[in-house]
Amino acid sequence: MDSNDRLSARREFLTFLAASPLLAFAGLTPRLLAAALEPAQEANRGQGIDVRTENPLAVLPPHDEAVIKSVKDALTVMDFELAARAKMSPAHFYDWTIGTFFDETLKANRAGFEQYQIRLRRLTGIPPAAVDTSQTLFGVKWDYPLFLCPIGPLRALDPEGYRNVARAGKTRNTLTMVGSGLLEDVNAVKRGEPIWYQFSGPWKPERIKEVERAGWPAVVWTVDYTQGSNLEHYRTRQRYYTPEACNGCHGDAGPSAGPRMAGEASYGPGQTWNDVKRLKDFTTMKVILKGIVTRDDAELAVQNGADGIICSTHAAHVDAAGRGSIESLPEVVAGAAGKIPVFVDSGFRGGADIFKALALGAKMVGVGRPYAWALVSFGQEGVETMIDLLHTELRIIMAQAGTPSIAKITKASLATRDYAWER
Ligand SMILES: Cc1cc2nc3c(=O)[nH]c(=O)nc-3n(C[C@H](O)[C@H](O)[C@H](O)COP(=O)(O)O)c2cc1C
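Residues numbered from 1 in each chain as written. Predicted model: local features only at pLDDT ≥ 70, side-chain atom pairs only at ≥ 80, totals over all residues. Heavy atoms only, no water.

## Some words on the site of the ligand
Worth spelling out the cut-off: Consider each residue's heavy atoms; a residue with any of them within 4 Å of a molecule or strand counts as near. By the criterion applied in these results, polar contacts are pairs of N or O atoms within 3.5 Å in which, for protein atoms, one can donate a hydrogen and the other can accept it, and in which residues neighboring in sequence qualify only through two side-chain atoms. For the area figures, the Shrake-Rupley method with a 1.4 Å probe applies, and any residue is considered shielded solely by the protein chains shown. When residue character is reported, Ala, Val, Leu, Ile, Met, Phe, Trp, Tyr, Cys and Pro are called nonpolar, Asp, Glu, Lys and Arg charged, and the others, Gly included, polar.
In the neighbourhood of the ligand, 21 residues make up the surrounding shell, with P150, T222, R349, G368 and R369 lying closest. One nitrogen or oxygen atom from the main chain of G152 is found 3.1 Å from a nitrogen atom belonging to the ligand. Between the ligand and T222 there is a distance of 2.6 Å, counted from an oxygen atom to a side-chain nitrogen or oxygen. Calculation on the ligand without its partners gives an accessible area of 600 Å², and the protein chains cover 94% of this total. Across the shell around the ligand, the residue classes break down as eight nonpolar, nine polar and four charged.

What follows is the structure, given as structure tokens:
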């Protein structure tokens, strides 16, 4: 029996099972069964669907009962992915969900977490409700060690997108970063709330001063999208980028007519560390560099006056390095050497992921797609629920690990596969 035969025999058996009362007896839900029928999809859980299957939309129909109908039904942040997929146009969904090149880095962002496991402690007497997840940063106390990453094109999904995200960040006392060009949008709801302003490309003095005058405490300078990328998926998904689907919002040219090859979509390839130093000398705001993935650059960030760094793969939307953020994090933390805080994002989908990053020395952990999916599905309430879910999961794993506060989470809370348990 070759592998194709084996696959179709398995498929037949599972389909038979789906119609059988045995299903309930075996504790299988239609959702689990759907996953079993699509090993590719299951293998990709947590990092987006398997977007390279020939007909990905057929993998799990958008209106399948696995798609939650109410925000109250959400049990994990991944529920929002399916819900968003049912609402978004295929072109937008793919654009937002997948990575670049052959998704090497997208996969690594999730696979990297498997390198680390959490060492649990028993009989600690710590109920999850008693766990303190607050984190203080630059003198501001946040309820969670969580931040909402900057996402440029939020308005494409929800005209009120930036405001809804800012409002959710406010009601949940969660650090929020917003993408360039949105000052006006977010100022409307900011009102004294510390929101951080993000931009890409060479910094513009007028804009920096404008942000400074508006009272924003920090600018996040994204320095990873400077040499272009290969958005090969624009070709494989070309059928979704039709004039009918795109021109209404993007004008006659459509959003991306044709594959965007390496070198095209780049922001300021000529920038150097000297520009960081100049920015620091120019503004009184904190300067945070987003996209640092090596010890060398973390050291340079410290030397050139950066106030913080974000270890990030930019949602795997840039490179084919095949290295996940969680894998780069330890050396970035070593480079920062405790002199400036290190943040991390890319691929974080649950409380245990966040816990691992905190144990490796991250101060705050960011999510991008999860809140974008939640926003598309259920607006502000969706984003708030997403934050609540991650918070609950984090509290549970912290209690299980015997760590009642963030400060108690250390490297000793983790093991690796080759962990030597002897004292
Ligand atoms: C659709 C989309 C647009 C994004 N736009 C920006 C951007 O304008 N600037 C930026 O620094 N990062 C941008 N990011 C990256 C996020 O800030 C963040 O690094 C990333 O989403 C985290 O990974 P995650 O989506 O796996 O949680 C974008 C991400 C997505 C998914």
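## Focus on the packing of aromatic side chains
To describe a pair of aromatic rings, you give the distance between the ring centres and the angle between the ring planes. Heads up, the condition is: Classification of ring pairs uses Phe, Tyr and Trp, with its six-membered ring standing for Trp, and accepts pairs whose centres are within 6.5 Å; under 30 degrees between planes counts as stacked, over 60 as edge-to-face, and the remaining range as tilted. When a residue's accessible area, from a 1.4 Å probe over protein chains only, is under 20% of the maximum for its type it is buried; when over 50% it is exposed; and in between it is partly exposed. Numbering of helices and strands runs from the N terminus; a helix is a DSSP stretch of H or I covering at least four residues, while a strand is a stretch of E covering at least two. Criterion for a charge above a ring: Lys NZ or Arg CZ within 6 Å of the ring centre, and within 35 degrees of the ring normal.
If you walk through the whole model with that rule in mind, you get nine aromatic pairs. Ring centres of F93 and Y94 lie 5.8 Å apart, and the angle between their planes is 70 degrees; this geometry places the pair in the edge-to-face category. In this structure F93 comes out as buried when scored by relative accessible area, which is 2%. Aromatic pair W203 and F282: ring centres 5.1 Å apart, planes at 40 degrees, arrangement tilted. Taken as a pair, W203 in the loop between β6 (195–200) and α10 (205–213) and F282 in helix α13 (residues 273–282) lie far apart in primary sequence, 79 residues in all. Residue classification places W203 among the buried positions, given a relative accessible area of 10%. According to the relative accessible area criterion, F282 is partly exposed, its value standing at 28%. Among the aromatic side chains, those forming a connected cluster through ring pairs are F138, F147, W196 and F343. Positioned above the aromatic ring of F378, the side-chain terminus of K87 is 5.7 Å from the ring centre. Directly above the aromatic system of F138 lies the positively charged group of K286, at a separation of 5.0 Å from the ring centroid.

## Concerning the packing of helix α8 (residues 161–171) against helix α17 (residues 369–400)
Threshold: To obtain an axis, a line is fitted to C-alpha atoms, over the contacting stretch when the element is a helix, and the angle between two such axes runs from 0 to 180 degrees between their N-to-C directions. Here roughly perpendicular refers to angles of 65 to 115 degrees, roughly parallel to angles under 35, roughly antiparallel to angles over 145, and oblique to all remaining angles. We call a crossing left-handed when the near helix sits turned anticlockwise from the far one by less than a right angle, and right-handed when that turn is clockwise. The contact rule is simple, with two residues in contact once any of their heavy atoms fall within 4.5 Å.
One can describe the packing of α8 onto α17 by two numbers: an axis separation of 8 Å at closest approach and a directional angle of 15 degrees. Comparing the axis directions of α8 and α17 gives the class roughly parallel. Here the hand of the crossing between α8 and α17 comes out left-handed. Listed contacts from α17 to G161, N164, V165, R167, A168 and T171 of α8 are Y371, L375, Q380, V383, E384 and I387. For the contact of α8 with α17, the residue count by class is six nonpolar, four polar and two charged.

## Some points on the pairing of strand β8 (residues 286–290)
The cut-off we apply is this: Whether two strands pair depends on DSSP finding at least two bridges between them. With the strands aimed away from the viewer, a crossover counts as right-handed if its path from the first strand over the helix to the second runs clockwise.
Of all the five residues making up β8, four are buried; the element is thus mostly covered by neighbouring parts of the structure. Of the pairings in the sheet, the one linking strand β7 (residues 218–222) to β8 comprises five bridges and is parallel in character. Of the residues in β8, the one forming a bridge with V219 is V287. Note that β8 and strand β9 (residues 308–311) share three bridges and pair parallel. Bridged to K290 within β9 is I310. For the handedness criterion, the β-α-β arrangement of β8, helix α14 (residues 295–303) and β9 is classed as right-handed.

## As for the environment of T242
Relative to the elements of secondary structure, T242 occurs in the loop between α11 (233–236) and α12 (243–250). In this structure T242 comes out as partly exposed when scored by relative accessible area, which is 24%. Between the C-alpha atom of T242 and that of A91, which follows or precedes it by 151 residues, the distance is 8.9 Å.

## Quick look at the sheet that holds strand β10 (residues 342–345)
Around the barrel, eight strands lie side by side as β4-β5-β6-β7-β8-β9-β10-β11; this closed barrel has parallel pairing. Within this sheet the neighbouring strands show an average axis-to-axis angle of 25 degrees, counted without direction. As paired elements, β6 and β7 share four bridges and run parallel to each other. Looking at the pairing, Q198 lines up with V220 of β7. Set on the sheet, α8 makes contact with β4 (146–148), β5 (175–178) and β6; between it and β5 the angle comes to about 165 degrees.

## Considerations on the environment of P205
Here P205 lies in helix α10. C-alpha separation for the pair P205 and T283, spaced 78 residues apart in sequence, amounts to 9.0 Å.

## Quick notes on the confidence of the model for the protein chain
Note the threshold: Along the chain, pLDDT gives the predictor's confidence residue by residue, from 0 to 100.
Residues of the protein chain with pLDDT of at least 70 account for 78%, and the chain-wide mean is 83. Here residues 13–62 is modelled with pLDDT under 50, and outside its nearest four sequence neighbours on either side it reaches 80 contacts, counting other chains as well.

## Topic: α8
Among all positions in α8, only G161, Y162, N164, V165, A166, A168 and G169 are buried. Just beyond α8, the residue with positive phi is N173, at close to 45 degrees.

## Here we look at unusual backbone geometry
Both trends apply: most residues other than glycine have a negative phi, and most peptide bonds are in trans. A positive phi angle, close to 55 degrees, is found at L123, a residue other than glycine. Considering the arrangement of structural elements, one finds L123 in the loop between β1 (116–118) and β2 (135–137). The backbone of A316 sits at a positive phi, close to 60 degrees, despite the residue not being glycine. Taking the relative accessible area as the measure of exposure, A316 reaches 1% and is therefore buried.

## Let's talk about the pattern of salt bridges
For clarity, the cut-off: When a carboxyl oxygen of Asp or Glu is within 4 Å of a side-chain nitrogen of Lys or Arg, the pair counts as a salt bridge.
According to the stated counting rule, one finds 11 salt bridges in the structure shown. Here R278 ties to D275 by a salt bridge, and the two come within 3.0 Å at their closest N and O atoms. Placement of the pair is R278 and D275 together in helix α13, with a separation of three residues, close to one helical turn. Relative accessible area serves as the criterion here: at 15%, D275 is assigned to the buried category. In this structure, K280 and D307 form a salt bridge, with 3.0 Å as the shortest nitrogen-oxygen distance. In this pair, K280 sits in helix α13 while D307 sits in the loop between α14 and β9, placing the two residues 27 residues apart along the sequence.

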